[in-house]
Amino acid sequence: MFRSKAFSLLKPIPLMSGQPNLAYKFIHPAIASHGHRCHRRGVDYRQRYKTCPGSAGGQTISAPQTKVMAEEELPGVLVLDIGGTHGVLENVAALLKKHFRLITMKEFLENKKEMSKKIQSVFVFEGRPTIDQELLESLPNLKVIGNSGVGVDHLDLKMISNFGVKVTNTPHAVADPTADIGVALMLASARRLVEGCQVAVSPDTKYFAVDWLGVEVTRATLGIIGMGSIGYRVAQRARAFDMRILYHNRNRRRKEEEEAVGAHYCEKMEDLLQQSDFVMLVVNLTPETHKLIGKKELGLMKPTAILINISRGAVIDQDALVEALQSKVIRAAALDVTHPEPLPRDHPLLKLNNIIITPHIGTATVQATRMMAEEAIANMLAVLSGQPIPNHRRRRATWAFGKLNRWHTRSTAWPHGVPEETFLPHYHEGIS
């Protein structure tokens, strides 16, 4: 029987200056020995780990220094690759190596018999590696899939649950940078910055036209569809522009939260669409939000309105969007996400001048990338030690395990038949 002693030594994770010590925040110093048996996998874990006494408010995670472990005794974590086009970043790999033995997909495929026994976790970075049934069947000791990012629409939760494997995500790290990109897209589309840059640098430009105009964001109406953690941070930023803020959500925010940002609740999404100068989509991709914005919804928007999407590309019916932009049903669109990514090079959206498309960079910052890695590491370590997911909590009963999320009173995100303990998010950041 394969036994893990992964937690007799947790090496320090140095954090960036000015960033919260996520790992300390998630792993409480009082964690004691706790036995956990995964019956479905038949592997017995009995580990003990703790943070050092001086770690409160400090910059490292530490463990008793009385035991020294060789690298091969660390729990194995599978990653697609290190560096290159699709591999984890070198600095992220360095963080993982402090607590795991990194095994690339190439190493795994070259020596499946040996490596399959060592791999207890998979670190999913930018949606890779692909988690399919063949991979799960080849990893008998797999306990947790640590997703770097919030969205898990690329993971088949029901299939994964059948193998007794847990899935975690990293909502804490993504809210601010994603809200930032949403506001950036709103400003850029309103003032036609991309077009303006092209005019300014074009070798054919002889003069600047006086009738080349944008629209103002200040005092305009912003409609936010999905007032979760990210949506609320968008509202906080929009308030600085004296914007009138409307929002549509599965559940209404508390009165004091609304008042703090000056937001007004629209029970019907249609009301928000009809009144807004800017409509920003900040929802999770679920069966119910798939093509949430289609021809009908676009037709309800003002002809002067701009649509902004920072959630998932499939939330919009892209064929309907092409038609709406071509026929000036709406003024413009700004998208950080598309479906697929990237779009085929001959896609009609790429030929329009009233659209901005960025390459899914909502969380593409130095700080967010590191924080997501730290959060994912803390999640995986907690699962492997049989401890609760760090800082996990139920948020207003809308993401309670075993409960169905609801959108327009219909069941949505939770896949039918997925046990409540399979997906372990800290909180639901989308349409919560």
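Check the entry above for the structure.
Parameters at a glance
- Residues numbered from 1 in each chain as written.
- Predicted model: local features only at pLDDT ≥ 70, side-chain atom pairs only at ≥ 80, totals over all residues.
- Heavy atoms only, no water.
- Buried < 20%, exposed > 50% of the residue type's maximum accessible area, 1.4 Å probe, protein only.
- Helix = DSSP H or I, 4+ residues; strand = E, 2+ residues; numbered from the N terminus.
- Pairing = 2+ DSSP bridges.
- Right-handed = clockwise from strand over helix to strand, strands pointing away.
- Core = buried A, V, L, I, M, F, W, Y, C linked by side-chain atoms within 4.5 Å.
- Contact = heavy atoms within 4.5 Å.
- Polar contact = N/O pair within 3.5 Å; in protein donor to acceptor, adjacent residues only side chain to side chain.
- Axes fitted to C-alpha atoms, helices over the stretch in contact; angles between N-to-C directions.
- Parallel < 35°, antiparallel > 145°, perpendicular 65-115°, else oblique.
- Left-handed = near helix turned anticlockwise from the far one by under 90°.
- Nonpolar A, V, L, I, M, F, W, Y, C, P; charged D, E, K, R; others polar.
- Salt bridge = Lys/Arg side-chain N within 4 Å of Asp/Glu carboxyl O.
- Arc of directions from axis to C-beta.
- Phe/Tyr/Trp six-rings, centres within 6.5 Å; stacked < 30°, edge-to-face > 60°.
- Lys NZ or Arg CZ within 6 Å of the ring centre and 35° of its normal.

**Topic: the pairing of strand β9 (residues 244–248)**
No. 1: Taking burial as the measure, the five residues of β9 include four buried ones, the bulk of the element.
No. 2: Note: strand β8 (residues 221–225) against β9, five bridges, orientation parallel. Bridging across to β9, Ile-225 finds its partner in His-248.
No. 3: In this view, the connection linking β8 to its parallel neighbour β9 by way of helix α9 (residues 229–239) has right-handed handedness.
No. 4: Sheet topology places β9 next to strand β10 (residues 263–265); three bridges connect them, and they run parallel. Bridge pairing in β10 links Ile-245 to Ala-263.
No. 5: Between β9 and its parallel partner β10, the chain crosses via helix α10 (residues 255–261), and the hand of that crossover is right-handed.

**Regarding the nonpolar core**
No. 1: In this structure, Met-186, Leu-222, Ile-224, Met-243, Phe-278, Ile-308 and Ile-310 are the most contacted members of the largest nonpolar core, which totals 37 residues.
No. 2: When contributions to this core are tallied by element, the ones reaching two or more residues are α7 (175–190), β8, α9, β9, β11 (278–281), β12 (306–309), β13 (332–335) and α14 (366–384).
No. 3: Ranked by residue count, the leading element in this core is α7, at eight residues.
No. 4: Aside from chain neighbours lying at most four places away, what touches Ile-310 is Thr-178, Ile-181, Gly-182, Leu-185, Ile-230, Val-234, Met-280, Leu-281, Val-282, Asp-336 and Val-337.

**Quick look at the side chain of Arg-253**
No. 1: Residue position: Arg-253 is located in the loop between β9 and α10.
No. 2: Polar contacts involving the side chain of Arg-253 include one to the side chain of Glu-257, which spans 3.2 Å.

**Comments concerning the packing of helix α2 (residues 90–97) against α14**
No. 1: Following both chains from N to C, one finds α2 and α14 inclined at 25°, their axes separated by 10 Å at the closest point. Here α2 lies roughly parallel to α14, going by the angle between them. Read as a crossing pair, α2 and α14 show a hand that is right-handed. For the pair formed by α2 and α14, the contact residues are Val-92, Leu-95 and Leu-96 on the first element and Thr-369, Arg-370, Ala-373, Glu-374, Ile-377 and Met-380 on the second.
No. 2: Per-class residue counts for the contact of α2 with α14 are six nonpolar, one polar and two charged.

**Some details on the packing of α7 against α9**
Packed helix pairs are characterised by how far apart their axes lie and by the angle those axes make with each other.
No. 1: For the pair α7 and α9, interaxial distance at closest approach is 8 Å and the crossing angle is 55°. One finds that α7 runs oblique with respect to α9. In this structure, α7 meets α9 at a crossing whose hand is right-handed. Every residue of α9 that contacts α7 at Ala-175, Asp-176, Thr-178, Ala-179, Asp-180 and Val-183 is listed here: Ser-229, Ile-230, Arg-233, Val-234 and Arg-237.
No. 2: A per-class count over the contact of α7 with α9 returns five nonpolar, two polar and four charged.

**Notes on the pattern of salt bridges**
No. 1: Tallied over the full model, the rule gives twelve salt bridges.
No. 2: Measuring nitrogen to oxygen at the nearest pair gives 3.0 Å for the salt bridge that ties Arg-312 to Asp-153. In this pair, Arg-312 sits in the loop between β12 and α13 (318–326) while Asp-153 sits in the loop between β6 (144–148) and α6 (157–161), placing the two residues 159 residues apart along the sequence.
No. 3: A relative accessible area of 22% places Arg-312 in the partly exposed class.
No. 4: A salt bridge links Glu-256 to Arg-254, with the nearest nitrogen and oxygen atoms 3.3 Å apart.

**Remarks on α2**
No. 1: Of all the residues in α2, the buried ones are Val-92, Ala-93, Leu-95 and Leu-96. Around the axis of α2, the buried residues are gathered within 160° of arc, so they sit on the same side.
No. 2: Looking at the buried positions of α2, the neighbouring elements they touch are β3 (76–79), β4 (101–104), β5 (119–125) and α14.

**A short note on the packing of aromatic side chains**
No. 1: For the structure shown, the criterion picks out two aromatic pairs.
No. 2: Aromatic pair Phe-123 and Phe-125: ring centres 6.3 Å apart, planes at 25°, arrangement stacked. Residues Phe-123 and Phe-125 agree in their burial class; the two are buried.
No. 3: Aromatic pair Tyr-247 and Tyr-265: ring centres 5.2 Å apart, planes at 50°, arrangement tilted. A residue pair is termed long-range when its members are at least 10 positions apart, and Tyr-247 in strand β9 and Tyr-265 in strand β10 qualify at 18 residues.
No. 4: The exposure class of Tyr-265 is partly exposed, given its relative accessible area of 24%.
No. 5: Stacked on the ring of Trp-212, the Lys or Arg Arg-192 has its end atom at 4.3 Å from the ring centre.

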